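# Coordinate analysis (summary)
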Amino acid sequence: MQFEYSASFVWVPTCAQTSTYRVHITIYNKAAATTKMLTINVVRPDPEISEYSNQTRYTRVGCPMTLMASARDSSPLVRGAALPGYAMAWDVSVQRIDVRGHRYAVETLAGSSVEQLPGRNEFNGTSAMFRWVPVRGQEGSTFEICFHMQDNCRVVAVQTACTNVTVSKCQLCIHDGHTLQSLAAEYRTDYLTLYSMNVAISNPDRIPHGTLVNAGIKYKVREGDSLFSIAERFFSSVDHILSLNPDIRDDSPGNELLLDDTLCVLPPLCSVRCERGTVCALVEKQHAGISSV
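Owing to the predicted nature of the structure, the values given are computational and were not obtained by experimental measurement.

About the criteria used
- The residue numbering used here restarts from 1 in each chain and proceeds along that chain's sequence as written.
- Where local features are concerned, this predicted model is filtered to residues with pLDDT of at least 70; where side-chain atom pairs are given and counted, the filter is 80 or more; whole-chain, interface and lining totals use all residues.
- To get the side-chain values, all heavy atoms of the structure are used, and hydrogens and water are removed first.
- For every residue, the predictor assigns a confidence score, pLDDT, that lies between 0 and 100.
- It only takes one pair of heavy atoms within 4.5 Å for two residues to be counted as in contact.
- When two cysteine sulfur atoms are found within 2.5 Å, that pair is recorded as a disulfide.
- Put simply, DSSP H or I for four residues or longer makes a helix, DSSP E for two residues or longer makes a strand, and each gets a number counted from the N terminus.
- By this definition, two strands are paired if DSSP reports at least two bridges between them.
- Axis definition: a line fitted to C-alpha atoms, over the contacting stretch in the case of helices. Angles run 0 to 180 degrees between N-to-C directions.
- Salt bridge criterion: a side-chain nitrogen from Lys or Arg within 4 Å of a carboxyl oxygen from Asp or Glu.
- Partly exposed describes any residue whose relative accessible area lies between the buried limit of under 20% and the exposed limit of over 50%, with all areas from a 1.4 Å probe on protein chains only and scaled to the type maximum.

### Looking at the confidence of the model for the protein chain
Overall, the prediction assigns the protein chain a mean pLDDT of 85, with 88% of residues at 70 or greater. This model gives residues 286-293 a pLDDT under 50, and the stretch forms 20 contacts once residues within four places in sequence are excluded.

### Concerning the state of the cysteines
By definition, a disulfide is the covalent link that joins the sulfur atoms of two cysteine residues. One pass over the structure, following the stated rule, counts three disulfides. For Cys170, the disulfide goes to Cys264, at an S-S distance of 2.1 Å. Linking Cys170 and Cys264, the disulfide has an S-S dihedral of approximately 125° and is accordingly described as right-handed. Of this pair, Cys170 sits in strand S11 (residues 159-173) while Cys264 sits in strand S14 (residues 262-265), and the two are 94 residues apart along the sequence.

### As for the sheet that holds strand S9 (residues 127-132)
One open sheet holds the four strands; their spatial order is S3-S5-S9-S8, and the pairing between them is antiparallel. Strands with a single pairing partner mark the edges of an open sheet, and in this sheet they are strand S3 (47-50) and strand S8 (112-116). Strand after strand, the sheet turns through a mean of 20° between neighbouring axes, direction not considered. Relative to S9, strand S5 (residues 65-73) runs antiparallel, the two sharing six bridges. Within the sheet, the bridge partner assigned to Ser70 lies in S9 and is Ser127.

### Looking at the pattern of salt bridges
When charged atoms on two side chains of opposite charge get close, those side chains can pair. Counting across every chain of the model gives eight salt bridges. The shortest N-O distance in the salt bridge between Arg72 and Glu48 comes to 2.9 Å. One end of the pair, Arg72, is in strand S5; the other, Glu48, is in strand S3, with 24 residues separating them in the sequence. A relative accessible area of 24% places Glu48 in the partly exposed class. Of the charged contacts, one joins Arg136 and Glu139 as a salt bridge, the two residues approaching to 2.9 Å between their closest N and O atoms. Given the relative accessible area of 26%, Arg136 is considered partly exposed. Residues participating in the shared-partner salt-bridge network are Arg136, Glu139 and Glu186.

Following this line, the structure appears as structure tokens:
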């Protein structure tokens, strides 16, 4: 006469139980007993951020950008097991680096969001995505964006991977509904000035979403320059130049500039008249659509 009997051994190891265990299973009847032994290895988590590029990136106001980081366990055996309880937690920190190299912690980066992607990645780990659309006021600065990852057991140090992203000056990406006229009002100039800087735009009233638009010209600071002298040279004002160069607002006490600093300037082209090619002055009577700076 034959019969079968089954029993289950159920165990969910905790984070503190990383070790090797021997489990003895003994079956008894009236005549004898049989023992089987199995070995269970509860591995210590060893997560790592994999295949991450820390190459400096460049973007512009209004241009969407993304950064992604993926995590896995360093052990191929653990990755192959696809353990459902092996979870990682993600966080992101940001520091702003000004043109002088000073660092400032950024609690909330305007225009950005972070999410941990659902499900498992190709390494049977988890991934996180950082999305950002830079806004006015961030031009000229470099932002160090760091992903921080740690497994839920927290038995190893936090893993960190960083990328520097620089927001370039004098250009921006168009959003739906933007026209050169609306941009001119935002940048305190006239649409003809912007039109003259963007010869590739065929219709200034219907600019495709995402189009890269020039919003000024770049000027490299020379010896003896000051914000006042540069403003006078380009028929602008110190306040207008600072609005286009927010990176120097708190980096240059007393509005001092350093040699080879790069500024974005926006001369009012349509309200300047030049005689004999070099003697230029602002036109007293401005054309329709032109706003002074």
